[in-house]
Amino acid sequence: MDKGLQIGDLAVSSRLLLGSSGYPNFEVMLKAITASGTEIVTVSVRRVRFDNQDQGDLFQLLRQKKILILPNTAGCYNVKDAVMTCELAREAGLGNIVKVEVIGDEKTLFPDNEATLEASKLLIKDGFHV
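These lines cover the structure that appears in this document, whether it is placed above or below. (Residues numbered from 1 in each chain as written. Predicted model: local features only at pLDDT ≥ 70, side-chain atom pairs only at ≥ 80, totals over all residues. Heavy atoms only, no water.)

**Focus on unusual backbone geometry**
- Phi angles above zero are rare outside glycine, and Lys-66 is one such case at about 60°.
- In this model, Leu-109 sits at a positive phi of 65°, which is unusual for a non-glycine residue.
- You can see Leu-109 is positioned in the loop between α3 (79–91) and α4 (113–125).
- A relative accessible area of 45% means that Leu-109 is categorised as partly exposed. (Helix = DSSP H or I, 4+ residues; strand = E, 2+ residues; numbered from the N terminus. Buried < 20%, exposed > 50% of the residue type's maximum accessible area, 1.4 Å probe, protein only.)

**A word on the nonpolar core**
- If you look at the biggest cluster of nonpolar residues, it comprises 17 residues, and the most contacted ones within it are Met-29, Ile-33, Val-43, Leu-58 and Leu-62.
- Of all the secondary structure elements, the ones that give two or more residues to this core are α1 (26–36), β4 (40–44) and α2 (58–64).
- In this structure Met-29 touches Ser-20, Tyr-23, Leu-58, Leu-61 and Leu-62, once residues within four positions along its chain are discounted.
- Core analysis: the second largest hydrophobic core is formed by 12 residues, Val-79, Val-100, Ala-115 and Ala-119 among them. (Core = buried A, V, L, I, M, F, W, Y, C linked by side-chain atoms within 4.5 Å. Contact = heavy atoms within 4.5 Å.)

**Considerations on the pattern of salt bridges**
- Taken as a whole and assessed by the stated rule, the structure comprises three salt bridges.
- A salt bridge links Asp-126 to Arg-90; the shortest N-O distance between them is 2.8 Å. Of this pair, Asp-126 sits in the segment after α4 while Arg-90 sits in helix α3; the two residues are 36 residues apart in sequence, bridging distant segments of the chain.
- For Asp-126, a relative accessible area of 38% puts it in the partly exposed group.
- The exposure class assigned to Arg-90 is partly exposed, which follows from its relative accessible area of 27%. (Salt bridge = Lys/Arg side-chain N within 4 Å of Asp/Glu carboxyl O.)

**Brief notes about α1**
- Listed in full, the buried residues belonging to α1 are Phe-26, Met-29, Leu-30 and Ile-33. Buried residues of α1, seen end-on, are gathered within an arc of 95° and therefore sit on one face of the element. Those residues of α1 that are exposed and aimed more than 90 degrees away from the buried face are Glu-27, Lys-31 and Ala-35.
- Where α1 is buried, its residues contact β3 (17–19), β4 and α2.
- The backbone nitrogen of Glu-27 lies 3.1 Å from a side-chain oxygen of the residue at the head of α1, namely Asn-25.
- Positioned one or two residues after α1, Gly-37 has a phi angle of 80°, which is positive. (Arc of directions from axis to C-beta. Polar contact = N/O pair within 3.5 Å; in protein donor to acceptor, adjacent residues only side chain to side chain.)

The values are spatial; any link to function lies outside them.
In structure tokens:
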């Protein structure tokens, strides 16, 4: 029996998290989300384009579909930027549950494990669920 997923106060039945990037358009992304059955979509706060109004507002679109948004720190190369990105996400109303990754290698995008851990510790101390 599948137990679902619990992060902080958030409880969902699907343990699958799906990213919001890499799709040619929002229509394809929404089809993938629907087909997967996920309830949570990760969104790179640093990489969201707010000037692309041809497709609409990603956050509004996901909220309308009752998809939970999990802000992540993709694109952050140091602890300071990762922490600030999470703080900005919380201030923007995206909550205090976050996915943290600090990039260590620009070519492979492999993580900097120590920096990711350090950022996570700082965020947890500040009330985030990482």
